[in-house]
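Here are the chains, one letter per residue:
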Amino acid sequence: MAYTKENHIIIIGWGKKTESAVQEILESNLSAEIVIIDNLEKSPIDLGQNRVHFIQGDPTEEETFEKANISEAKSVIVFSDDKIQDPALRDAKTLSVSITAERLAPNVHTTVEVMIEKHIANFSHVKVDEFILSQETISRLAVRSALYKGVSRLYSQLISRQHGEDLYKIRKKEEWVTFHDAFVELLEQGATLIADRDHLDINRRLKEIIPSDAVLYVICNKETYEKIK
């Protein structure tokens, strides 16, 4: 059956990564709905979970995405196909899926898992919003953990809602003129302002005026975030 609601998250491919992603989304956002696309013969999930839905079909075909109502989706996550052993072939399939998704819904935010970093250049003509480098990320995290003991637990807190302090996105308040204004007020509430979009140098830009299109990120616990929001 086709999915007819909107503002949902579409995840391509079923596997351990998808299973973990679904759990994380459901725990992070109590109203989020998820549509999983895979060519499995039957749904891999318990359809009694009314916020998770399954569309059977080939994710390289337009009809499958149309059944998932991609044009009205909030975002799309394309995981690399674990059933393909060759990393180059896995990235080739991911590219094909991404092309289809972007052609049908160019304004929907897309996050794509890529196995080999140099293959990102192959996506240059596709409007992918963000790339996750699977193998490189794991390797670099292992190195950081070896160099700085305990750092892996820090990463785990930042990327998961299930452990400790978390990373949250907040909006700029009208009364905040400079980054210093925002930094001090947030600090008093128990949150630490760390970034504007992908700029992590807030502590060196405190005197600068916050741009109108700023996207601010803070580190705090869930209770603090709810008060700020």
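The coordinates are above.
Conventions we followed
- All residue numbers refer to positions counted from 1 along the written sequence of the respective chain.
- Under the rules for a predicted model, residues below a pLDDT of 70 receive no local features and side-chain atom pairs below 80 are neither given nor counted, while totals for whole chains, interfaces and linings still include all residues.
- Here the side-chain values reflect all heavy atoms present in the structure, with hydrogen atoms and water set aside.
- Residues enter a nonpolar core if they are buried and are Ala, Val, Leu, Ile, Met, Phe, Trp, Tyr or Cys, with the set joined through side-chain atoms within 4.5 Å.
- Each residue is placed in one exposure class: buried if its accessible area under a 1.4 Å probe, protein chains only, is under 20% of its type's maximum, exposed if it is over 50%, and partly exposed if it falls in between.
- Secondary structure elements are defined from DSSP: runs of H or I of at least 4 residues count as helices, runs of E of at least 2 residues count as strands, and each element is numbered from the N terminus.
- Two strands pair under a simple rule: DSSP has to find at least two bridges between them.
- A fitted line through C-alpha atoms represents every axis, and for helices the fit uses only the stretch in contact; the resulting angles, taken between N-to-C directions, go from 0 to 180 degrees.
- Here, residues are in contact when the closest pair of their heavy atoms is within 4.5 Å.
- Each Phe, Tyr or Trp ring, with Trp reduced to its six-membered ring, pairs with another whose centre is within 6.5 Å; inter-plane angles below 30 degrees give stacked pairs, above 60 give edge-to-face pairs, and intermediate values give tilted ones.
- For a helix, the expected span equals 1.5 Å multiplied by the residue count minus one.
- Nitrogen and oxygen atoms within 3.5 Å of one another constitute a polar contact, given that in protein one can donate a hydrogen and the other can accept it, and given that sequence-neighbouring residues count only through two side-chain atoms.
- Any carboxyl oxygen of Asp or Glu that lies within 4 Å of a side-chain nitrogen of Lys or Arg is treated as forming a salt bridge with it.

## Describing the nonpolar core
Consideration 1: With 23 residues, the main nonpolar core has Ile10, Ile12, Ile37, Phe65, Ile70 and Val76 as its most contacted residues.
Consideration 2: Of all elements in the fold, only β1 (9-12), β2 (34-38), β4 (75-78), α3 (87-104) and β5 (109-114) reach the threshold of two or more residues within this core.
Consideration 3: Of all the elements, α3 adds the most residues to this core, at three residues.
Consideration 4: Ranked by size, the runner-up nonpolar core spans 16 residues in total, among them Ile170, Leu186, Ile202 and Leu216.

## Some words on the sheet that holds strand β9 (residues 216-220)
Consideration 1: Pairing is antiparallel across the open sheet formed by three strands, whose spatial order is β7-β9-β8. Every other strand in the sheet has two partners, leaving β7 (166-170) and β8 (192-196) as the edge strands with one partner each. Pairs of neighbouring strands in the sheet enclose a mean axial angle of 30 degrees, with direction left out of account.
Consideration 2: Strand direction decides the pairing type here: β7 and β9, joined by five bridges, are antiparallel. Within β9, the residue paired with Tyr168 across the bridge is Val218.
Consideration 3: Each of β7, β8 and β9 touches helix α6 (residues 179-188); the most contacted strand, β8, lies at about 145 degrees to it.

## Points about the packing of aromatic side chains
Consideration 1: According to the stated counting rule, one finds two aromatic pairs in the structure shown.
Consideration 2: Centroid distance Phe123 to Phe131: 5.4 Å. Interplanar angle 75 degrees. Geometry classified as edge-to-face.
Consideration 3: Residue Phe123 is classed as buried on the basis of its relative accessible area of 2%.
Consideration 4: For Phe131, a relative accessible area of 27% corresponds to the partly exposed category.
Consideration 5: Measuring from centroid to centroid gives 4.2 Å for Tyr168 and Tyr225, while their planes differ by 10 degrees, and the two rings are stacked. In this pair, Tyr168 sits in strand β7 while Tyr225 sits in helix α7 (residues 222-228), placing the two residues 57 residues apart along the sequence.
Consideration 6: On the basis of relative accessible area, Tyr225 is assigned to the buried category, the value being 16%.

## Some details on α3
Consideration 1: In this model, α3 (18 residues) spans 26 Å end to end at C-alpha, consistent with the 26 Å of a helix rising 1.5 Å per residue.
Consideration 2: Restricting attention to buried positions, one finds in α3 the residues Arg90, Asp91, Thr94, Leu95, Val97, Ser98, Thr100, Ala101 and Glu102.
Consideration 3: Packing partners of the buried residues in α3 comprise β1, α1 (16-28), α2 (62-67), β4 and β5.
Consideration 4: Between a side-chain oxygen at the N-terminus of α3 and the backbone nitrogen of Ala88 the separation is 2.9 Å; the capping residue is Asp86.

## Considerations on the pattern of salt bridges
Consideration 1: Using the criterion set out here, one finds 14 salt bridges in the structure.
Consideration 2: A salt bridge links Arg90 to Asp82, with the nearest nitrogen and oxygen atoms 2.7 Å apart.
Consideration 3: Look at Arg90 and you get buried, because its relative accessible area is 11%.
Consideration 4: Using a relative accessible area of 40% as the deciding quantity, one classes Asp82 as partly exposed.
Consideration 5: A salt bridge links Arg197 to Asp213, with the nearest nitrogen and oxygen atoms 3.9 Å apart. Taken together, the residues span a long stretch of sequence, with Arg197 in the loop between β8 and β9 and Asp213 in the loop between β8 and β9 at a distance of 16 residues.
Consideration 6: By relative accessible area, which is 46% here, Asp213 ends up partly exposed.

## Details of the sheet that holds strand β3 (residues 52-56)
Consideration 1: Spatially, six strands are ordered β3-β2-β1-β4-β5-β6 in an open sheet, and the strand pairing comes out parallel. Strands with a single pairing partner mark the edges of an open sheet, and in this sheet they are β3 and β6 (130-133). Along the sheet, successive strands turn relative to each other by an average axial angle of 20 degrees, direction set aside.
Consideration 2: Taken together, the four bridges between β1 and β4 define a ladder with parallel strand orientation. Within β4, the position partnered with Ile11 by the bridge is Ile77.
Consideration 3: The strands touched by α3 are β1, β4 and β5; relative to β5, the strand with the most contacts, the crossing angle is about 175 degrees.

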